[in-house]
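A structural walkthrough
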Amino acid sequence: MAEKKPNAAPRPIQGVRASTTPSGVIHVRTYHSGRYVVVGNHLAQHRELSLTAIGLATHILSVPEGTPVDIRTLADRFPEGRERIASALRELEAHGYLERIREHTESGRLVTRTYVHHTPAPAADAGSPTPLRLAGRPPRIHDRRPMAGADVQAAPEEDDQVPPRQPPEPEPPAQRPTPTPTASGPRDPRYDRAAALLAGLRRTDHRLILSQRQVDRLAPAVAAWFEVGATEAAVHHALSAGLPVHMPHPAGVLAYRLDAMRPVPLPPGPVASPSTAKPVGAGGRSAPLQNCDGCDRAFRAPHPGRCRDCRTAWTVPEERVCVA
């Protein structure tokens, strides 16, 4: 007689094929025509990455280019906190799946670019600093060969793959700024006076020690003071008097004073009129005293004769000619 079974056999689930394995996971595969991402087993089955890092890498690979993947954005998107997300990003960087590089934009702003690698790149040295380059420059090209012993299949061709970046062209070496050029002819003596004055400022204040390049840059401004009539003592007093107590950049202080305190040119002096000019004898001395032949008064003149009053009164009315 057949053995009776108290329970009936379970009915199979519709749409799921029967598996020959007694336990473990059973794949229910579905064909995806779009909106999917290809993840290699080297990442999905990584032995050293945490589950958070593997899931975070899968999310970053699935988003389009330009999507923000910084710590704050990811913390707002997922329930994990910032510390766990930051730790996962560091894991991905250590194993070559993520690269964060600081770059300068065209406007001079410093930004951080995040490059995600579909296959692990060679890990950078732990002590090497993060490279800094200009925005728009392609990143360094890593070796895409699979690691030894890893079972990595060839990546399928996708329509949205980015073309390989070309290596950057070498830039010409920057030219050092040359000092103030001098003419091929004789050197301006005012420049030599200005350079000597600037070099001697440290005798007054030991903080006013200038290099040769700083002297060459400041000498034309000192020469401009000499052009408007300033003396060396006046320039020395303007540059060394009343200096601040804390002065980390003495050349900048001197450059500001030379520009802000430069005096105006002296106006031309008054010219003595002929009527008020005193008679001057030979050698620049005053004329000697003479006795007037008309009134016997003393007056200064180079030769004997009549004084001014007598010459005015002693005239011939008809001819208007002075007798003296």
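As the structure is a computational prediction, the values presented were derived from the model and not from experiment. (Residues numbered from 1 in each chain as written. Predicted model: local features only at pLDDT ≥ 70, side-chain atom pairs only at ≥ 80, totals over all residues. Heavy atoms only, no water.)

1. As for the overall build of the protein
Here is the rule we go by: Strands are runs of DSSP state E lasting at least 2 residues, helices are runs of H or I lasting at least 4, and numbering of each runs from the N terminus. Exposed residues in this analysis have more than 50% of their type's maximum accessible area, buried residues have under 20%, and partly exposed residues fall in between, with area computed by a 1.4 Å probe over protein chains only. Any two residues whose heavy atoms approach within 4.5 Å at even a single point are treated as in contact. Surface accessibility follows the Shrake-Rupley procedure with a 1.4 Å probe radius. Residue values consider only the protein chains on display as shielding.
Each helix and strand counted, the protein has nine helices and seven strands in total. A buried classification covers 23% of the 324 residues belonging to the protein. Long-range contacts, defined as pairs at least 24 residues apart, comprise 48% of the intrachain contacts of the protein with a sequence gap of at least 6. Just so you have it, the protein exposes about 25,700 Å², and 54% of that area is on carbon and sulfur atoms.

2. Focus: the nonpolar core
So the rule is basically this: To define a nonpolar core, start from buried Ala, Val, Leu, Ile, Met, Phe, Trp, Tyr and Cys residues and group those joined through side-chain atoms within 4.5 Å.
Counting 23 residues, the largest nonpolar core has L198, L201, L210, V222, V235, L239 and L254 as its most contacted members. Among the secondary structure elements, those contributing two or more residues to this core are α5 (189-199), α6 (212-227), α7 (232-240) and α8 (250-260). At six residues, α6 tops the list of elements feeding residues into this core. Beyond its immediate chain neighbours, meaning those up to four positions away, L239 contacts L197, L198, L201, L208, L254, R257 and L258. Counting 17 residues, the second largest nonpolar core, distinct from the first, contains I54, L61, L89 and Y97.

3. A word on the packing of α5 against α7
Spelled out, the test is: Only the stretch in contact is used when fitting a helix axis, every axis being a line fitted to C-alpha atoms; angles between N-to-C directions are given from 0 to 180 degrees. Throughout this description, any angle smaller than 35 degrees is read as roughly parallel, any larger than 145 degrees as roughly antiparallel, any in the 65 to 115 degree range as roughly perpendicular, and the remainder as oblique. Crossing handedness follows the turn of the near helix against the far one: under a right angle anticlockwise gives a left-handed crossing, and clockwise gives a right-handed one. Residues are grouped as follows: nonpolar covers Ala, Val, Leu, Ile, Met, Phe, Trp, Tyr, Cys and Pro; charged covers Asp, Glu, Lys and Arg; every other residue, Gly included, is treated as polar.
The geometry of α5 relative to α7 is characterised by a closest axis approach of 11 Å and an angle of 40° between their N-to-C directions. In terms of orientation, α5 and α7 fall into the oblique class. Taken as a pair, α5 and α7 cross one another with a handedness that is right-handed. Between α5, through R193, L197 and L198, and α7, the contact on the second element is made entirely by E232, V235, H236 and L239. Here the contact of α5 with α7 is composed, by residue class, of four nonpolar, one polar and two charged.

4. Brief notes about the side chain of R257
Note the threshold: His is not counted, nor are the chain ends, whereas Lys and Arg count as positive and Asp and Glu as negative. A carboxyl oxygen of Asp or Glu within 4 Å of a side-chain nitrogen of Lys or Arg is what we treat as a salt bridge. Pairs of N or O atoms within 3.5 Å make up the polar contacts considered here, provided that, within protein, one atom can donate a hydrogen while the other can accept it, and that residues adjacent in sequence are counted only when both atoms are side-chain atoms.
When you line up the elements, R257 lands in helix α8. Although R257 is buried, it makes no salt bridge; D205 carries the closest opposite charge, 9.0 Å away. Only 3.0 Å separates the side chain of R257 from the backbone oxygen of A238, close enough to count as a polar contact.

5. Focus: the confidence of the model for the protein
To be explicit about the condition: Confidence scores here are pLDDT values: one per residue, from the predictor, ranging 0 to 100.
In this model, the protein carries an average pLDDT of 76, and 66% of its residues clear a pLDDT of 70 or more. The spread of mean pLDDT over the elements of the protein runs between strand β7 (residues 321-322), the lowest at 46, and helix α4 (residues 82-94), the highest at 92. Within the model, the stretch residues 142-162 combines pLDDT values under 50 with 14 contacts to residues more than four positions away or in other chains. Taken together, the stretch residues 176-184 has pLDDT below 50 and engages in seven contacts with residues farther than four places along the chain or on a different chain.

6. Some points on the packing of aromatic side chains
The cut-off we apply is this: Between the rings of Phe, Tyr and Trp (Trp by its six-membered ring), a pair exists once the centres lie within 6.5 Å; its type follows the angle of the planes, with under 30 degrees stacked, over 60 edge-to-face, and the other angles tilted. Definition used: whenever NZ (Lys) or CZ (Arg) falls within 6 Å of the ring centre and also within 35 degrees of the ring normal, the charge is taken to sit over that ring.
The full count for this structure, using the stated rule, is zero aromatic pairs. A cation sits over an aromatic face here: R77 above F78, 4.6 Å from the ring centre. Above the face of the F226 ring, R193 is positioned so that its terminal group lies 4.1 Å from the ring centre.

7. Regarding the environment of A251
Position of A251 relative to the elements: it lies in helix α8. Along the sequence, A251 and Q214 sit 37 residues apart, while their C-alpha atoms lie 6.7 Å from each other. The contacts of A251, once residues within four sequence positions are left out, are L210, Q214, R217 and L218.

8. Brief notes about unusual backbone geometry
Unusually for a residue other than glycine, R35 sits at a positive phi of about 55°. Here R35 lies in the segment before α1 (41-44). The exposure class of R35 is exposed, given its relative accessible area of 87%.

9. Let's talk about the pattern of salt bridges
Summed over all chains, the structure comprises six salt bridges. Across the salt bridge formed by R190 and E227, the nearest N and O atoms sit 3.6 Å from each other. With a gap of 37 residues between them, R190 in helix α5 and E227 in helix α6 connect regions that are remote in the sequence. Note on R190: relative accessible area 31%, which makes it partly exposed.

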